[in-house]
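Observations on the three-dimensional arrangement
The lines below spell out each chain.
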Amino acid sequence: MELINSGISNAMGNSSWIRRMFEAGLELKKQYGADKVYDFSLGNPDLPPPPEVKRALTSIAGHADEPFSIGYMPNAGFTEIRELVARRVSAEQGRAIPGANVIMTCGAAGGLNVFFRAVLEPGDEVIVPTPYFVEYDFYAGNFGGKLVKAPSKELTFELDIEAFERAFSPRTRAVIINSPNNPTGRIYTRAELTALAELIRAMEKKYDRAIYLVSDEPYRFLNFAGSELPPVMGLFPHAVVIGSYSKNLSLAGERLGYIAVDSGIPGVEKLMAALTMCNRILGFVNAPALGQKIIAECIDAEVDPGIYRERRDAMARVLDAAGIEYTMPQGAFYFFPKSPTADENVFIEALLEERVLAVPGRGFGRPGYFRVAFCVDKKVIEGAAPGFKAAAAKFGRK
Ligand code: PLP
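Residues numbered from 1 in each chain as written. Predicted model: local features only at pLDDT ≥ 70, side-chain atom pairs only at ≥ 80, totals over all residues. Heavy atoms only, no water.

**Here we look at the environment of Phe78**
Convention followed: The secondary structure listing takes helices from DSSP runs of H or I that are at least 4 residues long and strands from runs of E that are at least 2 residues long, numbered from the N terminus.
Residue position: Phe78 is located in the loop between α3 (51–61) and α4 (79–93). Spatially, the C-alpha atoms of Phe78 and Lys149 are 37 Å apart, while their sequence positions differ by 71 residues.

**What about the sheet that holds strand β8 (residues 257–261)?**
We count it as follows: Criterion used throughout: strands pair if DSSP finds at least two bridges between them. Each axis is a line fitted through C-alpha atoms, and for a helix only the stretch in contact is used; angles between axes span 0 to 180 degrees, taken between their N-to-C directions. The contact definition used throughout considers only heavy atoms, calling two residues in contact when any of these lie within 4.5 Å.
What the 7 strands build is an open sheet, ordered β2-β8-β7-β6-β5-β3-β4; its pairing is mixed. Of all the strands in the sheet, just β2 (102–105) and β4 (146–151) have a single pairing partner and so form its edges. Direction aside, the axes of adjacent strands within the sheet are offset by 25° on average. Bridge analysis of strand β3 (residues 125–130) against strand β5 (residues 172–178) gives 3 bridges, and the strand direction is parallel. If you follow Glu125 over to β5, its bridge partner there is Thr172. Helix α8 (residues 190–207) contacts β5 and β6 (212–216) of the sheet and is inclined by roughly 175° relative to β5.

**Some details on the packing of α3 against helix α10 (residues 289–298)**
Operational definition: These descriptions rest on fixed angle ranges, namely under 35 degrees for roughly parallel, over 145 for roughly antiparallel, 65 to 115 for roughly perpendicular, and the rest for oblique. The handedness criterion is simple: a crossing whose near helix is rotated anticlockwise from the far helix by less than a right angle is left-handed, and one whose near helix is rotated clockwise is right-handed. Here the term charged refers only to Asp, Glu, Lys and Arg, the term nonpolar to Ala, Val, Leu, Ile, Met, Phe, Trp, Tyr, Cys and Pro, and the term polar to all other amino acids, Gly among them.
Between α3 and α10, the shortest axis-to-axis distance is 9 Å and the interhelical angle comes to 120°. One finds that α3 runs oblique with respect to α10. With respect to the hand of their crossing, α3 and α10 are arranged in right-handed fashion. For the pair α3 and α10, contact is made by Glu52, Val53, Ala56, Leu57, Ser59 and Ile60 and by Leu290, Lys293, Ile294, Glu297 and Cys298, respectively. Along the lines of polarity and charge, the residues of the contact of α3 with α10 split into 7 nonpolar, 1 polar and 3 charged.

**Description of a nonpolar patch on the surface**
Going by this rule: Any residue with relative accessible area above 30% and no salt bridge may belong to a patch, with like charges joined within 9 Å and the nonpolar Val, Leu, Ile, Met, Phe, Trp and Tyr side chains within 5 Å. To measure how exposed things are, a 1.4 Å probe is used in the Shrake-Rupley method; for residues, cover is taken only from the protein chains shown. By definition, a salt bridge exists where a carboxyl oxygen of Asp or Glu is found within 4 Å of a side-chain nitrogen of Lys or Arg.
A contiguous nonpolar surface patch, about 450 Å² in accessible area, is contributed by Leu3, Ile4, Ile8 and Met12. The residue Met12 is located in helix α1 (residues 6–13) in this model.

**With respect to the domain arrangement of the protein**
Rules: Where each domain begins and ends is defined by an automated method or by a domain database. The term buried area refers to how much accessible surface (probe radius 1.4 Å) is lost by two components on association, counted for both of them together. Two N or O atoms form a polar contact when they lie within 3.5 Å of each other; inside protein one atom must be a possible hydrogen donor and the other a possible acceptor, and for residues adjacent in sequence the pair counts only when both atoms belong to side chains.
As far as domains go, the protein holds domain 1 (6–49 + 303–393) and domain 2 (53–298). Here the C-alpha centre of domain 2 lies 26 Å away from the C-alpha centre of domain 1. Across the interface of domain 1 and domain 2, roughly 2600 Å² is buried in total on both sides, 59% from carbon and sulfur atoms. For the interface between domain 1 and domain 2, the tally reads 1 salt bridge. Our count for the contact surface shared by domain 1 and domain 2 stands at 18 residue pairs in polar contact (both at pLDDT 80 or more). For the side of domain 1 that touches domain 2, the secondary structure elements donating two or more residues are α11 (305–322) and β9 (334–335). Ranked by the residues each element gives to the side of domain 1 that touches domain 2, the list is headed by α11, at 4 residues. Class assignment of the residues belonging to the side of domain 1 that touches domain 2 gives a composition of 18 nonpolar, 6 polar and 6 charged.

**Digging into the environment of Leu193**
Mapped onto the secondary structure, Leu193 falls in helix α8. Leu193 sits 161 residues away from Tyr32 along the chain, and the two C-alpha atoms are 47 Å apart. Among residues more than four places away in sequence, those in contact with Leu193 are Leu159, Ile177, Tyr188, Pro230, Val232, Leu235 and Phe236.

**Considering empty space enclosed by the protein**
Short version of the rule: Here a cavity is any set of points on a 1 Å grid over the protein atoms alone where a 1.4 Å probe fits but cannot get out, and a pocket is any open set with protein on both sides within 12 Å along at least 5 of 7 lines; a residue lines the site when it has an atom within 4 Å of a point. Grid points are joined across faces, edges and corners, and a volume is the space filled by probe spheres set on the points.
In this structure the tally under the stated criterion is 2 cavities of 30 Å³ or more. Size it by volume and the largest cavity reaches roughly 70 Å³. In this structure, the largest cavity is lined by Ile177, Ser179, Tyr188, Leu193, Ser215, Glu217, Arg220, Leu229, Pro230 and Val232. By residue class, the composition of the lining of the largest cavity is 6 nonpolar, 2 polar and 2 charged. The space that makes up the second largest cavity amounts to roughly 40 Å³. Around the second largest cavity, the lining residues are Val128, Pro129, Pro131, Tyr132, Phe133, Tyr136, Ile176, Ile177, Asn178, Asn181, Asn182 and Tyr188. Mapped by element, the contributors of at least two residues to the lining of the second largest cavity are β3 and β5.

**Topic: the layout of surface pockets**
Approximately 740 Å³ is the volume attributed to the largest pocket. Listed by contribution, the elements that provide at least two residues to the lining of the largest pocket are α2 (17–32), α5 (107–119) and α6 (135–141). Tallied by class, the residues present in the lining of the largest pocket amount to 15 nonpolar, 7 polar and 6 charged. Residue-level mapping places the lining of the largest pocket at the junction of two domains, with at least three residues from each of domain 1 (6–49 + 303–393) and domain 2 (53–298).

**A look at helix α9 (residues 268–281)**
We count it as follows: Here the expected span of a helix is defined as 1.5 Å times the quantity of residues minus one. We call a residue buried when its accessible area falls under 20% of the maximum for its residue type, exposed when it is over 50%, and partly exposed in between, using a 1.4 Å probe and counting protein chains only. Relevant arc is that of directions from the helix axis to the C-beta atoms, nothing else.
End to end, α9 covers 20 Å across 14 residues, agreeing with the expected 20 Å (1.5 Å per residue, within 8%). Restricting attention to buried positions, one finds in α9 the residues Val268, Leu271, Met272, Leu275, Cys278 and Asn279. Each buried residue of α9 lies within a common arc of 125° when the element is viewed along its axis, so the set occupies one face. The outward face of α9, more than 90 degrees from its buried face, is lined by the exposed residues Glu269 and Lys270. Where α9 is buried, its residues meet β2, α5, β6 and β8. Phi turns positive, to about 95°, at Gly283, one or two residues after α9.

Right, dumping it as C-alpha cells:
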C-alpha cells in the first residue's frame, strides 16, 4: 500500500546530487577520518555569525520573560522590522519602497514558495537561466508551476537573451535570476539586465499579462570586486526581490528572509495582501520572531567577506595548478569549472578517489561542469590541491 504522494516518491528516488555527495562524504570520513576528506559539496556557511548577533541575542534574552515577547505577530512580520528592511532595500535599489512592500519570510526559500503560491496558476511557467539552484524546480512545482530553462553562455555564464526569447510562452508568469549566482558566482551586468528587461516588456505586451522578474539575492553581500549590482526595481515592470540572512549573518538555521516588492507595480497592495495570506496558509504563519529581533540590531552587520575572497583566490590557485578551466567567480562562494572530460560524473568519480567531493553540473541543470563550494577553511582548500591535480592528470591536464 502506497503511503506517500507519487511525485514526492519520485523526487525521493532521484535524490539530489548534493545529497548523494553528502552521503559519499560521510562514508569517506568514516573510512579515512574527517581531516583526510576535502568536502566542497555544500553551500553551508562555516563562518560564525558576527559578534553583533550574540549581543542582540543576549539583549533579546533580557526581555524573554515578558508576555508575547516571542508570541504570534502580524503574518507579514513586525512592522518596525519591515520598515528597517524596506529602508535597506530602498538604498540598494535606488527607489523608495515603504515597509508595507516588505514581508518577512522563513528564509529566501520560504519567500520563493510564498511568492509562487500567490502568483502561479497550475501550468504556469517560470524561466530560469541555467545552471541554477535546483530547489527552484520544487518551489515552482509545489504550486503546479514548471521551470523552463534558458541556458546561459558557455563558461562565462553570461545571460543568453536569445535563449530567453525561445523560452517565453503564453504561460510564462515569471523569470527568476540569482546574482551573485549559485552555482557560477556570476554577477549580471546592467547591459544584460537591460536586455532582459526589454524582452520581458515586449513579452508582457505580446501576451497581455504581468511577467514578474524575481531577483533571488542571498549572496548580495559577497561581491569580491565591488562590481555594480544593478537595481531591478524601476528596470523591470514587475520586480520582486527575495533576500536572506542565511549567508551574510551565517544565520541559515534561523530561517529568516524577506520579499520586497517594487512600489511602481499598479495594484501592488493586492499583491502584498496575497503574499501575506500565503505566508499564513502555507503554515509558516510568520517568520521567526527571534530572527526578526536579531535583524533589528544587526541590519548593517555581516560576516567578513574578505575571508571568502581569500578562499576564492586560494581555490583559483588550486584549480590553476590542476589545469582546470573556469571563469573567476565575482561573488557568492562557488566555482563552476568545466570538467576536464565531457562526462563530469567521470571526473567527479576521479575526484572521489582522491577524497575530494564536488557536485556534478547536471545537479544544476548543466552537464559538463562541476560545482565547488568554497565556504570551507583555507586549509581544506589547500589540502585538496594534490587531489585536484591527480584527478585532472587522469584526463591529460598538466
Ligand atoms: N536561493 C539560493 C540561490 C540559494 O543558494 C539558497 C541557499 O543556499 C537559497 C535561495 C535559500 O536560502 P535561505 O536559507 O534563505 O532559505
